[in-house]
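What follows is the residue order along each chain.
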Amino acid sequence: MTNPARVDAVILAAGRSTRMGQPKPLLEVGSETFLERTIRMLMFAGCRHIVAVVAAEDAWTLGLAQATGATFVVNGDGESQQIDSVRAGIRALPDDWDAVAILPVDIPLIADATARTIIDFARRERPSLALPFHNGVAGHPVVIGRELEADVLEKTWEEGLRSLIMAHARDLREVRVVDPAILIDIDSKEDYWRYVQEKHR
């Protein structure tokens, strides 16, 4: 019997949040910030080690990442792309990881049980690439197996993870879930009001 995969996680929290007008990691859902929520969710799901990639100028976010028990990495380049934060997070993982779940901090509403379903699948099945799907639509987190590490770190991906996923579409495993929150990206003040403030006030 194959041993369960060691699944770690990278939370992408270094974005400039231009449409929101304030740092997304510090926005709140219930009694938690987005960063606290995503870290706790992935810990509950069974991720062994969590790296939060944060922006250099966000001192509050940096402090919060330290306080939650996650490892933090600073992406000091405000003009960098999301794939650069992915690479920084992966480079900060322990050497013995088998798979990594990549989750943007602005997708914080995924149910704990859903996250656990996705991570359990990765631990059990050891896919080289896996995505959750709700009603036929792919969402987050993206799970990347160790065998794709060199591709992530060394190749040029014009559209970041989207290009990587397209290039390895034949290897993609689907994890079907009933949780629409895998698709909900809180990208603007309107999104925040619609999906968070109205439902969690």
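Quick caveat, the model's predicted, so the values are computed rather than measured.

## With respect to the overall build of the protein
- In terms of regular secondary structure, the protein is built from seven helices and 10 strands.
- Expressed as a percentage of its 201 residues, the buried residues of the protein come to 52%.
- At a minimum sequence separation of 6, the contacts of the protein that also span at least 24 residues come to 72%.
- As presented, the protein carries roughly 10,100 Å² of accessible surface, and 47% of it is formed by carbon and sulfur atoms.

## Description of the pairing of strand 9 (residues 142-145)
- Every second residue of strand 9 is oriented toward a common face, with Val142 and Ile144 on one face and Val143 and Gly145 on the other, all of them buried.
- Pairing of strand 6 (residues 99-104) with strand 9, which is carried by four bridges, proceeds in the antiparallel orientation. Considered in strand 9, the bridge of alanine 99 is made with glycine 145.
- Bridge count between strand 7 (residues 129-134) and strand 9: two bridges; the pairing is antiparallel. Directly across from alanine 130, in strand 9, lies its bridge partner valine 143.

## A word on the packing of aromatic side chains
- Under the defined criterion, the tally for this structure stands at one aromatic pair.
- Its end group placed over the ring of phenylalanine 44, arginine 116 keeps NZ or CZ at 4.2 Å from the ring centre.

## Some details on the pattern of salt bridges
- All chains considered together, the criterion is met by 17 salt bridges.
- In this structure, aspartate 96 engages arginine 48 in a salt bridge whose closest nitrogen and oxygen atoms are separated by 2.9 Å. With aspartate 96 in the loop between helix 3 (82-91) and strand 6 and arginine 48 in the loop between helix 1 (34-45) and strand 4 (50-55), this pair connects stretches of sequence that are 48 residues apart.
- A relative accessible area of 38% means that arginine 48 is categorised as partly exposed.

## Some details on unusual backbone geometry
- Cis peptide bonds are those with omega within 30 degrees of zero, and the linkage from histidine 140 to proline 141 qualifies with 5 degrees.
- One can find proline 141 in the loop between strand 8 (137-138) and strand 9.
- Phi is positive for arginine 126, which is not a glycine, with a value near 50 degrees.
- By secondary structure assignment, the location of arginine 126 is in the loop between helix 4 (112-125) and strand 7.

## Topic: the nonpolar core
- In terms of nonpolar packing, the biggest core is built from 41 residues, with Phe34, Ile50, Leu109, Ile186 and Val196 touching the most fellow members.
- Elements with a contribution of two residues or more to this core: strand 1 (7-13), helix 1, strand 4, strand 6, helix 4 and helix 7 (189-200).
- Element by element, the count of residues in this core is highest for helix 1, at six residues.

## Looking at the packing of helix 1 against helix 4
- Between helix 1 and helix 4, the shortest axis-to-axis distance is 8 Å and the interhelical angle comes to 50 degrees. One finds that helix 1 runs oblique with respect to helix 4. As for how helix 1 packs across helix 4, the hand of that crossing is right-handed. Residues Arg37, Arg40, Met41, Phe44 and Ala45 of helix 1 lie in contact with helix 4, whose contacting residues are Asp112, Ala113, Ala115, Arg116, Ile119 and Asp120.
- In the contact of helix 1 with helix 4, the residues fall into six nonpolar, no polar and five charged.

## Focus on helix 3
- Taken as a whole, helix 3 has its buried residues at Ile83, Ser85, Val86, Arg87, Gly89 and Ile90.
- The inward-facing, buried residues of helix 3 abut strand 1, strand 4, strand 5 (71-75), strand 6, helix 5 (149-154) and helix 6 (161-167).

## Things to note about the environment of arginine 126
- On the accessibility criterion, arginine 126 (35% relative accessible area) is partly exposed.
- Between the C-alpha atom of arginine 126 and that of arginine 173, which follows or precedes it by 47 residues, the distance is 10.0 Å.
- Ignoring sequence-local partners within four residues, the contact set of arginine 126 consists of Thr2, Asn3, Pro4, Ala5, Asp98, Phe121 and Glu147.
- Here the side chain of arginine 126 touches asparagine 3 through a polar contact of 3.0 Å, landing on its backbone oxygen.

Reading the values: the criteria
Every chain is numbered independently, its residues counted from 1 as its sequence is written. Given that this is a predicted model, residues contribute local features only at a pLDDT of at least 70 and side-chain atom pairs are listed and counted only at 80 or more, while totals for whole chains, interfaces and linings are drawn from all residues. Neither water nor hydrogens contribute to the side-chain values; these are computed over all heavy atoms in the structure. Where helices and strands are cited, they refer to DSSP runs of H or I of at least four residues and of E of at least two residues respectively, numbered from the N terminus. Note on exposure labels: buried denotes an accessible area under 20% of the residue type's maximum, exposed denotes more than 50%, and partly exposed covers the range between, all computed with a 1.4 Å probe on protein chains only. In this analysis, two residues are considered to be in contact whenever any of their non-hydrogen atoms come within 4.5 Å of each other. Note on areas: these come from Shrake-Rupley sampling with a 1.4 Å probe, and a residue is covered only by the protein chains present in the view. DSSP-based pairing: two strands are paired if at least 2 bridges between them are found. Only Phe, Tyr and Trp rings take part, Trp by its six-membered ring, and two of them pair if their centres are within 6.5 Å. Stacked means planes under 30 degrees apart, edge-to-face means over 60, and tilted covers everything else. For a Lys NZ or an Arg CZ to count as sitting over a ring, it must be within 6 Å of the ring centre and within 35 degrees of the ring normal. Here, a salt bridge means any side-chain nitrogen of Lys or Arg that lies within 4 Å of a carboxyl oxygen of Asp or Glu. Note on terminology: a nonpolar core comprises buried Ala, Val, Leu, Ile, Met, Phe, Trp, Tyr and Cys residues joined through side-chain atoms within 4.5 Å. Axis geometry follows a simple rule: fit a line to the C-alpha atoms, using only the stretch in contact for helices, then measure angles between N-to-C directions, giving values from 0 to 180 degrees. Angle categories are assigned with fixed cut-offs, so that under 35 degrees is roughly parallel, over 145 is roughly antiparallel, 65 to 115 is roughly perpendicular, and the rest are oblique. Definitions for this section: a left-handed crossing has its near helix turned counterclockwise from the far helix by less than a right angle. A right-handed crossing has that turn clockwise. By the convention adopted, Pro, Cys, Tyr, Trp, Phe, Met, Ile, Leu, Val and Ala count as nonpolar, Lys, Arg, Asp and Glu as charged, and the other residues, Gly among them, as polar. Counting of polar contacts relies on pairs of N or O atoms within 3.5 Å, with two restrictions inside protein: one atom must be capable of donating a hydrogen and the other of accepting it, and residues adjacent in sequence are counted only when both atoms are side-chain atoms.

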